[in-house]
Amino acid sequence: MSTYNSPILEVFNLWKSYNGHQAVKGLDLNVNRGEIFGLLGPNGAGKTTTLKVIVGLLKMDKGMVKVNGVDISEEQYDYKKQIGYLPENPTLPEYLTAEEFLGYIGKIRDLPPKEIKDRINYYLELFNLEKRRKDLIVSFSRGMKQKLALSAALIHNPSLLILDEPFIGIDPTGQHHIKNILKEMVKEGRSVLVSTHMIDTAERLCDRVGIIHNGRNVASGSLEKLRRIAEMGEDSTLEQIFLKMTKEAEEVVEEKPVRRRLFSLFRKRG
Ligand code: ATP
């Protein structure tokens, strides 16, 4: 059942491991309607794993994910209609032309033929790929493939767009267009969850940011809220906050074995 006022995405106590390696350890996350939410974290923090669970590429070990109020483990297919996903390293069918590929995605997404044509024209024009529309994807540069993959993620006007490192390899004009697309989406009440290492872009673009480290939440909120949590001044940048909070989180991880050793020592003595 969908509840209009609930966040578009709710992640509760998410756990995910790979062959015994715990990648996500009890993560919580909310994305509200009409906001851009940025996911920040050091390499290996668990960002991609979290996004893959949300879009249904990986099965969670424990926890709950709700999209538009619906538990995705109870309703595994229909919720995907509301989502657009750009993976970190998109794999495209290189034997198709740009136009064929987007047409194919438009059909899968159940769009009427006229709309498919209009949207293909719109995105190819926007991303400066118009002249390459009849070329095989195999002949595209990395950035061109990224723009095409993003067009595919957007073609059905998703309510929730999930982007894993969308700006990598994209030229400045393309990045500018992507940022504008995201801003327009949220103006219409749709939402964006974006994982990125481009911290300056995240600071300017995102309404709220979640910092994660070692599969756990460190802090989340607006820049103002993060400054308060980090006990930093009102001029502090997201980069400064990120560096401080992830360093502190790292120290806690490093301290733990020491604490455990002391604890077992006391237990033995007791
Ligand atoms: P980055 O910023 O480097 O992209 P990330 O925050 O997206 O990192 P994940 O890719 O989610 O992090 O990885 C989280 C942890 O899970 C890491 O320790 C990683 O080595 C591990 N991991 C990820 N994918 C797999 C896999 N397929 N098999 C085994 N371990 C994996």
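J.: Sorry, what's going on with the nonpolar core here?
T.: Generally speaking, a soluble globular protein has its nonpolar side chains buried in company with each other. Judged by nonpolar contacts, the single largest core of 52 residues is most densely connected at Phe 101, Leu 148 and Val 192. Top contributing element to this core by residue count: helix α4 (residues 142-154), with seven residues. The contacts of Leu 148, once residues within four sequence positions are left out, are Leu 92, Ala 98, Phe 101, Leu 102, Leu 124, Leu 129, Ile 137 and Phe 140. Listed in part, the 27 residues of the second largest apolar core include Val 11, Val 65, Ile 72 and Tyr 85.

J.: How should I be thinking about the confidence of the model for the protein chain in this particular structure?
T.: Detail in the predicted coordinates should be disregarded across regions flagged by low pLDDT. In this model, the protein chain carries an average pLDDT of 90, and 91% of its residues clear a pLDDT of 70 or more. Scored below 50 in pLDDT, residues 261-270 makes zero contacts in the model with residues more than four places away or belonging to other chains.

J.: Just checking my understanding: could you explain the sheet that holds strand β8 (residues 191-195) for this structure?
T.: Two pairing modes exist for strands in a sheet, parallel and antiparallel, and in both the strands are linked by backbone hydrogen bonds. The mixed open sheet is built from six strands, whose spatial order is β6-β7-β8-β3-β9-β10. Taken across any chain shown, the strands that pair with only one partner, and hence form the sheet edges, are β6 (83-86) and β10 (216-221). Here the strands of the sheet are splayed against their neighbours by 15° on average, with no regard to which way each runs. In this structure, strand β9 (residues 208-213) lies alongside β10, joined through five bridges in antiparallel fashion. Paired with Gly 210 across the strands is Ser 220, a residue of β10. Each of β3 (36-40), β7 (160-164) and β8 is contacted by helix α5 (residues 172-187), which is oriented at about 140° to β8, the strand it contacts most.

J.: In this structure, what is going on with the packing of helix α2 (residues 98-108) against α4? I would like to understand it.
T.: One way to put it is that α2 packs onto α4 with a least axis distance of 9 Å and a crossing angle of 25°. Taken together, the axes of α2 and α4 are roughly parallel relative to one another. As α2 runs across α4, the sense of the crossing is right-handed. In contact with Ala 98, Phe 101, Leu 102 and Ile 105 of α2, α4 contributes Leu 148, Ser 151 and Ala 152. Across the contact of α2 with α4, the residue classes break down as six nonpolar, one polar and no charged.

J.: What exactly am I supposed to notice about the environment of Phe 167 here?
T.: With respect to the helices and strands, Phe 167 occurs in the loop between β7 and α5. In sequence terms Phe 167 and Met 198 are 31 residues apart; their C-alpha atoms lie 8.1 Å from each other. Among residues more than four places away in sequence, those in contact with Phe 167 are Gln 175, Ile 178, Lys 179, Thr 196, Met 198, Thr 201 and Leu 205.

J.: Explain the side chain of Lys 47 to me, please; I cannot follow it from the model alone.
T.: Examined against the element boundaries, Lys 47 turns out to sit in helix α1 (residues 47-55). The charged side chain of Lys 47 is buried without a salt bridge, its nearest counter-charge being Glu 165 at 5.9 Å. The contacts of Lys 47, once residues within four sequence positions are left out, are Leu 39, Leu 40, Gly 41, Pro 42, Ser 195, His 197 and Ile 212.

J.: Would you explain the environment of Asp 200 in this entry?
T.: Counting through the fold element by element, Asp 200 comes out in helix α6 (residues 199-205). On the basis of relative accessible area, Asp 200 is assigned to the partly exposed category, the value being 46%. Note: C-alpha distance between Asp 200 and Ile 120 (80 residues apart in sequence) is 31 Å.

J.: What should I look at first to understand the pairing of β3 in this one?
T.: In regular strands, side chains alternate between the two faces of the sheet. With five of five residues buried, β3 lies mostly within the body of the structure. Alternating residues of β3 divide into Ile 36, Gly 38 and Leu 40 and Phe 37 and Leu 39, and every residue in both groups is buried. As paired elements, β3 and β8 share four bridges and run parallel to each other. Bridging across to β8, Ile 36 finds its partner in Val 192. Here four bridges tie β3 to β9, and the two strands are oriented parallel to one another. Pairing of Gly 38 across the sheet is with Val 209, part of β9.

J.: Even after reading the chapter, I still don't get the side chain of Gln 146, so can you show me in this structure?
T.: Summarising the element assignment, Gln 146 is placed in helix α4. Dropping the residues within four chain positions of it, Gln 146 is found in contact with Leu 86, Pro 90, Glu 165, Pro 166, Ile 168 and Ile 170.

J.: Would you explain the pattern of salt bridges in this entry?
T.: One side chain can pair with another of opposite charge once the charged atoms of both are near each other. One pass over the structure, following the stated rule, counts 14 salt bridges. Residue Lys 134 is joined to Glu 99 by a salt bridge in which the shortest nitrogen-to-oxygen separation is 2.8 Å. Of the two residues, Lys 134 is situated in the loop between α3 (113-126) and α4 and Glu 99 in helix α2; the sequence distance between them amounts to 35 residues. Given the relative accessible area of 59%, Lys 134 is considered exposed. A salt bridge links Glu 130 to Arg 133; the shortest N-O distance between them is 3.1 Å. Among the residues examined, Glu 130 registers a relative accessible area of 28% and is labelled partly exposed. Residues joined in a network through salt bridges with shared partners are Glu 99, Glu 130, Arg 133 and Lys 134.

Each value, and the rule that gives it
Residues numbered from 1 in each chain as written. Predicted model: local features only at pLDDT ≥ 70, side-chain atom pairs only at ≥ 80, totals over all residues. Heavy atoms only, no water. Core = buried A, V, L, I, M, F, W, Y, C linked by side-chain atoms within 4.5 Å. Buried < 20%, exposed > 50% of the residue type's maximum accessible area, 1.4 Å probe, protein only. Helix = DSSP H or I, 4+ residues; strand = E, 2+ residues; numbered from the N terminus. Contact = heavy atoms within 4.5 Å. pLDDT = per-residue confidence, 0-100. Pairing = 2+ DSSP bridges. Axes fitted to C-alpha atoms, helices over the stretch in contact; angles between N-to-C directions. Parallel < 35°, antiparallel > 145°, perpendicular 65-115°, else oblique. Left-handed = near helix turned anticlockwise from the far one by under 90°. Nonpolar A, V, L, I, M, F, W, Y, C, P; charged D, E, K, R; others polar. Lys, Arg positive; Asp, Glu negative; His and termini not counted. Salt bridge = Lys/Arg side-chain N within 4 Å of Asp/Glu carboxyl O.

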